[in-house]
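Below are the chains, spelled out letter by letter.
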Amino acid sequence: MNEYNGLERRSGLLSIQGMQAATIHAAMFMQVLAAQEAGNEKLAQFYVERFPPDVRKAYDAWMAQKPFENANAEPHPFVPSLYQMRGADEIEKANATAAQKVTDSRAAGNVSGQYLANTVLFATVLFFANAASKFEQRRVRLLGFLFALAVFSFAVVRTIMLPL
């Protein structure tokens, strides 16, 4: 569970960092559109030249669709088919690993609970084996001992069936 928690925190941090970068990229894109709308191609080109490589690739692919003339073009360059948030692959990998860690942790907790239950059964065996010797009637002693033996056999079988 500690590993899961660490992976979840890492995934969250990467997601926040990716969203921050995407926000900055979207703001830069909006500045490009504003400059183009104002007719200032020099300022628009200034912003485009400063796009990080991943944004520039998405922007160029979007512009290749001729979005101002083509109604079927993507609405902006930040759609999943054109742009991938920074760290998305690492976030996905961390989430998948975290999910596996939770599954492993639950399985280990289940086995641990079964071992604990067997410990209680063995303690019950000791109680009944000791209590059986305290009775004066032979039949009651034998019944107490047989019950302790049955519980012991059951606990041994359960223990053998558990994973190591």
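Here the structure is shown first, and the text comes after it.
Residues numbered from 1 in each chain as written. Predicted model: local features only at pLDDT ≥ 70, side-chain atom pairs only at ≥ 80, totals over all residues. Heavy atoms only, no water.

Colleague: Explain a nonpolar patch on the surface here, please?
Modeller: A contiguous nonpolar surface patch, about 460 Å² in accessible area, is contributed by L142, F145, L146, L149 and F152. Looking at where L142 falls in the secondary structure, it is placed in helix α5 (residues 138–161). A relative accessible area of 44% places L142 in the partly exposed class. (Patch = residues over 30% accessible without salt bridge, like charges linked within 9 Å, V, L, I, M, F, W, Y side chains within 5 Å. Areas by Shrake-Rupley, 256 points an atom, 1.4 Å probe, with all protein chains shown as cover. Salt bridge = Lys/Arg side-chain N within 4 Å of Asp/Glu carboxyl O. Helix = DSSP H or I, 4+ residues; strand = E, 2+ residues; numbered from the N terminus. Buried < 20%, exposed > 50% of the residue type's maximum accessible area, 1.4 Å probe, protein only.)

Colleague: Is there a simple way to think about the packing of aromatic side chains in this case?
Modeller: Here a ring pair, both rings aromatic, is described through the centre-centre distance and the interplanar angle of the planes. Within this structure, the stated rule accounts for 11 aromatic pairs. Note on F46 and Y47: the rings are 5.7 Å apart at their centroids and 75° apart in plane angle, and the pair reads as edge-to-face. Exposure remark for F46: the relative accessible area of 37% places this residue in the partly exposed category. Ring centres 4.7 Å apart and planes at 70° place the aromatic pair F128 and F147 in the edge-to-face group. One end of the pair, F128, is in helix α4 (residues 88–132); the other, F147, is in helix α5, with 19 residues separating them in the sequence. Given the relative accessible area of 29%, F128 is considered partly exposed. (Phe/Tyr/Trp six-rings, centres within 6.5 Å; stacked < 30°, edge-to-face > 60°.)

Colleague: Help me out: how do you make sense of the packing of helix α1 (residues 2–37) against helix α3 (residues 53–64) in this one?
Modeller: Two numbers describe a pair of packed helices, the interaxial angle and the distance between the axes. Put simply, α1 and α3 touch, their axes get as near as 11 Å, and they point 45° apart. Relative to α3, α1 is oriented oblique. Remark: the crossing between α1 and α3 carries right-handed chirality. Counted together, H25, F29, V32, L33 and Q36 of α1 and D54, V55, Y59 and W62 of α3 form the full contact between these two elements. (Axes fitted to C-alpha atoms, helices over the stretch in contact; angles between N-to-C directions. Parallel < 35°, antiparallel > 145°, perpendicular 65-115°, else oblique. Left-handed = near helix turned anticlockwise from the far one by under 90°. Contact = heavy atoms within 4.5 Å.)

Colleague: What's the story with the packing of α1 against helix α2 (residues 41–49) in this structure? I'm lost.
Modeller: Remark: α1 packs on α2, axes separated minimally by 7 Å, with the N-to-C direction vectors making an angle of 165°. Overall, the two elements α1 and α2 adopt an arrangement that is roughly antiparallel. Remark: the crossing between α1 and α2 carries left-handed chirality. Contacts between α1 and α2 involve M28, Q31, V32, A35 and Q36 from the first element and E41, L43, A44, Y47 and V48 from the second. Of the residues in the contact of α1 with α2, the class split is 7 nonpolar, 2 polar and 1 charged. (Nonpolar A, V, L, I, M, F, W, Y, C, P; charged D, E, K, R; others polar.)

Colleague: Help me understand the side chain of N118 in this model?
Modeller: You can see N118 is positioned in helix α4. Taking the relative accessible area as the measure of exposure, N118 reaches 1% and is therefore buried. Not counting residues within four places of it along the chain, the set of residues in contact with N118 comprises A155, R158, T159 and L162.

Colleague: Would you explain the pattern of salt bridges in this entry?
Modeller: Think of it this way: side chains of opposite charge can pair up when their charged atoms draw near. Following the criterion strictly, the structure yields 5 salt bridges and no others. The residue E3 makes a salt bridge to K101 at a minimum N-O spacing of 2.6 Å. Note that E3 is positioned in helix α1 and K101 in helix α4, a separation of 98 residues in sequence. Since its relative accessible area comes to 49%, E3 is described here as partly exposed. For R10, the salt bridge goes to E90, with nearest N and O atoms at 2.3 Å. With R10 in helix α1 and E90 in helix α4, this residue pair connects regions lying 80 residues apart in the sequence.

Colleague: What exactly am I supposed to notice about the nonpolar core here?
Modeller: When a protein is soluble and globular, its nonpolar side chains tend to lie buried together. By size, the foremost hydrophobic cluster in this structure holds 17 residues, and its most contacted members are F29, V32, F51, Y59 and Y83. Of all the secondary-structure elements, those providing two or more residues to this core are α1, α2 and α3. At 5 residues, α1 tops the list of elements feeding residues into this core. Sequence-distant contacts of V32, that is, excluding residues within four places in its chain, are made with A44, Y47, V48, F51 and Y59. (Core = buried A, V, L, I, M, F, W, Y, C linked by side-chain atoms within 4.5 Å.)

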